[in-house]
Amino acid sequence: MAGEVTRLSAEADSAAPAVMHLRVNGSPRELPAHPGERLVDVLRYGLGLTGVKEGCGTGQCGACTVLLDGRPVNSCLVFAGDAVGHEITTIEGLSADGKLHPLQEAFVKHGAVQCGFCTPGMLLAAKALLDENRDPTEEEIRRGLTGNLCRCTGYRKIIEAIQSVAGARRRRGGGRR
Amino acid sequence: MLLRPEIAEPETVKQAMALLRSRRGAVPLAGATDLIPAMRRGLAKPRLLVNLKRIADLRGVGRAGTSLRIGATTTVAELLHSPIVKTGWPVLAEVARDFGSPQTRNLATVGGNLCNATPSADLPLPLLVLEARIGITGPAGKREMPLAEFFRGVNKTALRAGELVTAILVPRPSARTGAACAKVVGRRAMDLAVAAAAAAVTLAPDGQTCRRARVALGAVAPAPMRSAKAEAMLEGRKLTPSLMREAAKLAAAEARPVSDLRATEAYRREMTEVLVRRVLAEAARRAGGGGRDGR
Amino acid sequence: MRYRTVGQRVPRLDAPERVTGQTQFGADISLPGLVWGAVARSRHPHARLRAVNIEKALRMPGVLAIVTGRDFPRDTGIPVLARDKVRYQGEAIAAVAALTRDQAEAAARVVEVVYDLLPVVSDVRAAIRPGAPRVHKDEESAALPNACDETVVKRGDVKAGFAASDRIFEDTFETPWVHQGYIEPHVALADWDLVSGKVTVWSSTQAQFNLRSDLAEVLGLSMSRLRVIGTPVGGAFGGKAGATLEPLCAELSRRTGRPVKMVMTREEEFLANHPCGGSVLELKTGVKANGELVALEARLLFDTGAYEGAQSGTGAVLVQGPYRIPNLLVKAYAIYTNKPSAGARRALTSPHVHFAIESQLDIIAHTLGLDPLAIRLKNALRKGDPVVGDSALPYSVAAKVIRTAADRAGWSHGPKSRVSGSKARGLGLAAGHWTCWAGPSSAYVQVNEDGTLSVMTGAVNLTGTDTSFAQIAAESFGIPVERVTVQVGDTDTGPRNEGSWGSRVLFGVGEAVRRACEDAKRQLGEAISGELGRKPSEIEVANGRVRARGGRSLPLAEAASRAADYRGAIVGRAALSELPFGISFAAQVAEVEVDRETGQVEVKRLTCAQDVGLAINPMSVEGQIEGAASQGIGYALSEEYVYDEGRLLNSSLMDFRMPTALDHPEYEVALIEERLDGGPFGAKGVGEPGLVPTAPAIANAIFAAVGARVRRIPITPERLLSEMKRQAVS
């Protein structure tokens, strides 16, 4: 029967969630959210930051990686309440004023992007890696990416892209972040 | 069942304990790396999460006298990057480096890893051979015990209702002590060990006789365990390759592995022998280098 | 021939939006009034459904509608929701729509199902035993119990071949069930407009038009009432080819009057999408003492799981490997078991059968005292040799591919073992082949009034082929690639295309794009011929200009503007259904290091050679090869579904272990470019062949390192150590 709707139940949460204050990509953001929600859901569905992906929900694939105070975490394993008071960086915050971050440019230039689903998480992990270790060896780069699964590229061009950015910084004598 | 538990944010251990007592279904919250997936699947249904991460007393790596003090909510990343750990207890940094991924290292806590008490957990082994003690606080007051007494079975610890782990204390290794860890895994990161071992040996001034030996095994028993037989064989004797081989055999015999989707019991037992032999040799080499679990 | 844009390492045109996270994958789409769906799935691998009770679930908070098997009387061979029987653990039984995702999942968990358990058909060997329980009573072929299909490939006379052989080798090989491993879980949305009757479906499908066709049948709709929009795909590798969530979303949308979205959990992906089935492959091969292959008799059992999915034909024609074998008798079967409905995976069952033949060839070489490289070169297919059954290979390139891989890997040192302490190193070589075909392909190219081009296909941009299309179009007109845009239309707006799979998109659709450009150029010539005072046949478009031979020329922009005025629009189009037959060859050399006490294997280097016809975009082609080989490494060493009587023990990414960044080797990639007639500028499909030789190359390298031959992948440390000990004893 067309249009048959079996039953509309009452909303599960009777009380509207309180306002949560987060700092995301350098800006204060306010939204109704429950501290017990997962950070990945608050970012994606509460703030519309769909650059944060979900690939597994168990902290294995790294597609949901965001930076908390500059350190990479799986946002699928973080309660939103735990992110209050910290600086959250998502992929949307990596480029500034329409200008790509050097890592983003390098990924484009070196062919390190295929389907692109792992890419936001991978870029943030790469950024955190280079911020902590200015001149990583190839093994250190690989270690820095163990939390980000990529099924498309075999990692070769991803590593080359990261090496090119590290190399360019080295030649510039350190460089900015 | 719905993924929206209440979260309380105590600032002191006392407040945390009161909250844990306040309600049935109140559980401590540290890294959440196991909790959230379990909640998603409907397997864990906590009513109240008592967030321990804002309690200053539980955070961070520091010293307590000459001992290393690891606050319960210290993340594995903090352990890995701590200069104190790197210089004084470097085997801990090595194990931390091979733990999970950069992301999970920033979330998982030392206390959480110990309290989860999975048979293949990484951190217990070096802590066991370094003779760590675990500090606990609860309604009946504070207590401390050797870490070796803390693990009671699969996901079972000595914690009583309402108790919290506050810190792990690792004594300063004596002179001429070396420690090493190793594990067998199916891929080089993000895998559970099918067998793991750690050893710490302290040499006598002659540089050859083993004054003290500690051997710990992981993933081959319901809980991380020490191999008393291997330790007894080694202590007081010169550490030759053949002695270490014998000790490794004893350790393998003492293990109680099971077969599961990752490996059979037989393979795990055999790997225990290989790993104990290797970590003993490496620990002895490091001890001979004159360090205190140094290089 | 030198080209301007074709052959360039053009960065993927849509990469900037992907690196900024702007690409809207299916799960990122939001629609007004959107509600969520979740699926209740079978807990048992084989059972009759005595009852499915949704009363309790209907009363759960937020629930709007629930559908069960009786709500889907039509299907395309695989039930949308199980009706009277479930045939695999995880099979969909009911689907719930609710206001939030958590509510939908919670309600799905309380759908009550009463099962009458049936005996489980756990694997292909159990399935073909006489008296085995039947997964499908009525549908099997008579050949073997639980056989879904049968393929027989015959050539020459194997009896005579064996009689003429100096040695005969019999080996059985096994490959596991694996998930394709894409990072984006499958997602679908549907919006059934109850007023207009039009249904819009978004899906991470590889195949919009095939999906539309399936949905039209299942939902009883005409195609014009159904619009399928392929969303950007976060990896597929064959696993996003069937209608799984889409019919459920559509029907729930019809019942609720709201758009419905469903995203598979990772666990559901493992249990209930379309993973790649395992196989048991029995090969009997006769050779001469000098290594010449004489005869091959094989029985191949491909596990297709609960429903038709894996087919026996592909493996049957490819098991001969890239070699000349005059006498062949292959009997191949797809066998039903109580496992998920098997789906396609990169290169279908070519990786399976090449693991077998390439391992066996090394066994033969070792036994006869021959160099594995030499035996392959001796037997490598040449122009005119029979391949894929009866076809004649149009060119000789196999030997060159094999030799290139070996040379680049330093094979002159041979596969000898190098031992150092507890570690041993070795080199292993393997080769493979894969088909190159076009299938229904079409494209439009509109010449805009300013001389830029808009290319439209209906081909989901799975692997960056859009960038290659831009290069092809740019090359055709002689303009910079920046002046070309490429769009993928949906089933309402784009021209029909067979799915984006089978390494056919660059080959088939790329050729359609090229032909559409030629058509557009013809139209341009016709439109401008009066102005240039020449017959259309004397007008050519090249280098960004429209030129009358021996006469005037106009810049493309100007010509385009005038032509558009004159003719209304310049829209070139092309459609084709087939192109000349082709085969792609790949060869790889793996260098491994084995820990002799634990059996752990590390791949240190992987040297890959592949014949690609012509690399339209070498950077993209390398990326395909590196990615394909990456999946081969997991296939060889760590990936497998572990079952216990039809129950999957490892339905998570922690327990189904794909190689991490640390598990990958250094890659070296060599592209062999010998143009294939028919493909755009001589290009061939490139996405799949790179997966074909990887596992046997690694298995062969392990043998070189430690002298142990494991005939079953993945070669886990325990399996290898076991084999090493067995060999030491014997």
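Residues numbered from 1 in each chain as written. Chains lettered and ligands numbered in written order. Predicted model: local features only at pLDDT ≥ 70, side-chain atom pairs only at ≥ 80, totals over all residues.

> So, the overall build of chain A: which residues are in play, and what are the values?
Assigned secondary structure in chain A consists of six helices and five strands. Secondary structure of chain A in N-to-C order comes out as β-β-α-β-β-α-β-α-α-α-α. Evaluated residue by residue, chain A yields a buried proportion of 58% over its 177 residues. Considering only contacts in chain A between residues 6 or more positions apart, those separated by 24 or more positions represent 58%. (Helix = DSSP H or I, 4+ residues; strand = E, 2+ residues; numbered from the N terminus. Buried ≥ 20, exposed ≤ 12 C-beta atoms within 10 Å, placed from the backbone. Contact = placed C-beta atoms within 7 Å.)

> How would you summarise the nonpolar core if you had to cite specific residues and measurements?
In terms of nonpolar packing, the biggest core is built from 411 residues, with Ala199(B), Val276(B), Val96(C), Ala473(C), Ile698(C) and Ile702(C) touching the most fellow members. Considering every element that reaches this core, the biggest residue donor is helix α14 (residues 505–532) of chain C, with 13 residues. Filtering out sequence-adjacent residues up to four positions away, Ala199(B) remains in contact with Val129(B), Ala179(B), Ala180(B), Arg214(B), Val215(B), Val276(B), Val279(B), Leu280(B) and Ala283(B). (Core = buried A, V, L, I, M, F, W, Y, C linked by C-beta atoms within 7 Å.)

> Can you break down the packing of helix α4 (residues 119–132) of chain A against helix α6 (residues 156–172) of chain A residue by residue, with the values?
Residue and element names in this part refer to chain A. The interhelical angle for the contact between α4 and α6, taken along N-to-C directions, is 35°, at an axis separation of 11 Å. Note on packing geometry: the crossing formed by α4 with α6 is right-handed. Every residue of α6 that contacts α4 at Met122, Ala126 and Leu130 is listed here: Ile158, Ile162, Val165 and Ala166. Looking at side-chain class alone, the contact of α4 with α6 contains seven nonpolar, no polar and no charged residues. (Axes fitted to C-alpha atoms, helices over the stretch in contact; angles between N-to-C directions. Left-handed = near helix turned anticlockwise from the far one by under 90°. Nonpolar A, V, L, I, M, F, W, Y, C, P; charged D, E, K, R; others polar.)

> Describe the environment of Thr467(C), listing the residues and the values that go with them.
Tracing the backbone through its elements, the reader meets Thr467(C) in helix α13 (residues 465–477). As for Thr467(C) and Ala47(C), which are separated by 420 residues in sequence, their C-alpha atoms are 49 Å apart.

> I'd like a description of the sheet that holds strand β10 (residues 164–170) of chain B, backed by residues and values.
Residues and elements named next belong to chain B. Ordered in space as β4-β5-β10-β6-β7, the five strands form an open sheet in which the pairing is antiparallel. Every interior strand has two partners, whereas the edge strands, β4 (61–64) and β7 (141–146), have only one. If you compare each strand with its neighbour and ignore which way they point, the axes differ by 30° on average. Sitting on the sheet, helix α1 (residues 13–22) touches β6 (133–138) and β10, and the angle it makes with β10 is about 135°. (Pairing = 2+ DSSP bridges.)

> Describe in detail the domain arrangement of chain C, supporting the description with residues and values.
All names here are of chain C. Domains assigned within chain C are domain 1 (15–21 + 438–576), domain 2 (31–118 + 186–263) and domain 3 (362–385 + 394–436 + 580–729). Each of domain 1 and domain 2 has a C-alpha centre, and the two are 39 Å apart. The interface of domain 1 with domain 2 comprises twelve residues on the first partner and 15 residues on the second. Looking at the side of domain 1 that touches domain 2 residue by residue, the classes come out as four nonpolar, five polar and three charged. (Domains from an automatic or database assignment.)

> Got a sec to walk through the domain arrangement of chain A? Specific residues and values, please.
By a widespread convention, an interface's size corresponds to the accessible area lost as its parts come together. Residues and elements named next belong to chain A. On domain assignment, one finds that chain A holds domain 1 (19–93) and domain 2 (102–171). Taken over C-alpha atoms, the centre of domain 1 sits 21 Å from the centre of domain 2. In this assembly, 15 residues from domain 1 lie in contact with twelve residues from domain 2. Mapped onto the side of domain 1 that touches domain 2, the elements with two or more residues apiece are β3 (65–68) and β4 (71–74). The element contributing the most residues to the side of domain 1 that touches domain 2 is β3, with three residues. Taken together, the residues of the side of domain 1 that touches domain 2 break down into eight nonpolar, five polar and two charged.

> Give me the lowdown on the interface of chain C and chain A, citing residues and values where you can.
Between chain C and chain A, the contact holds 56 residues from the first and 50 residues from the second. Every element with two or more residues in the side of chain C that touches chain A is listed here: α1 (15–19), β3 (63–68), α7 (246–256) and α16 (618–637) of chain C. The dominant element in the side of chain C that touches chain A, judged by the number of residues it contributes, is α16(C), at eight residues. Residue classes in the side of chain C that touches chain A are distributed as 26 nonpolar, 22 polar and eight charged.

> I'd like a rundown of the interface of chain B and chain C, residues and numbers included.
Listed per partner, the contact involves 17 residues of chain B and 20 residues of chain C. Counting residues per element, the side of chain B that touches chain C draws most heavily on helix α11 (residues 265–288) of chain B, which supplies three residues. Per-class residue counts for the side of chain B that touches chain C are eleven nonpolar, three polar and three charged.

> Tell me about the environment of Glu94(B), and please be specific about residues and values.
Residues and elements named next belong to chain B. Position of Glu94 among the secondary structure elements: in helix α5 (residues 90–97). By C-beta crowding, Glu94 is classed as partly exposed, having 18 other C-beta atoms within 10 Å. In the structure, Glu94 is positioned 32 residues away from Pro126 in sequence and 9.5 Å away in space, judged by C-alpha atoms.

> I'd like a description of the sheet that holds strand β28 (residues 601–611) of chain C, backed by residues and values.
Note on sheets: strands pair through backbone hydrogen bonds, and any given pair is parallel or antiparallel. Residues and elements named next belong to chain C. Pairing is mixed across the open sheet formed by five strands, whose spatial order is β18-β19-β27-β28-β31. With one partner strand each, in any of the chains shown, β18 (418–420) and β31 (666–672) form the two edges of the open sheet. Going from strand to strand, the sheet's axes swing by 20° on average, the running direction of each strand aside. As paired elements, strand β19 (residues 423–436) and strand β27 (residues 582–595) share 14 bridges and run antiparallel to each other. Residue Ala430 lies in a different strand from β27, and its bridge partner there is Gln588. With respect to the sheet, helix α17 (residues 694–706) is in contact with β19, β27 and β28, its orientation differing from that of β19 by roughly 155°.

> Give a description of the confidence of the model for chain A that names residues and reports values.
Looking at chain A as a whole, the pLDDT averages 90, with 89% of positions reaching at least 70. Note that residues 1–14 of chain A has pLDDT below 50 and, in this model, 25 contacts with residues that lie over four places away or in other chains. (pLDDT = per-residue confidence, 0-100.)

> Summarise the environment of Ser422(C); cite the residues concerned and give the values.
If you trace the backbone, Ser422(C) turns up in the loop between β18 and β19. Sequence-distant contacts of Ser422(C), that is, excluding residues within four places in its chain, are made with Asp595(C), Arg596(C) and Glu597(C).

> How would you sum up the packing of α14(C) against helix α15 (residues 556–567) of chain C? Please name residues and give values.
Residues and elements named next belong to chain C. In contact at an axis separation of 9 Å, α14 and α15 are set at 90° when each is read in the N-to-C sense. Relative to α15, α14 is oriented roughly perpendicular. Note on element contacts: α15 touches α14 through Ala559, Ala560, Arg562, Ala563, Tyr566 and Arg567, opposite Gln523, Leu524, Ala527, Ile528 and Glu531. Its residues assigned to classes, the contact of α14 with α15 shows seven nonpolar, one polar and three charged. (Parallel < 35°, antiparallel > 145°, perpendicular 65-115°, else oblique.)

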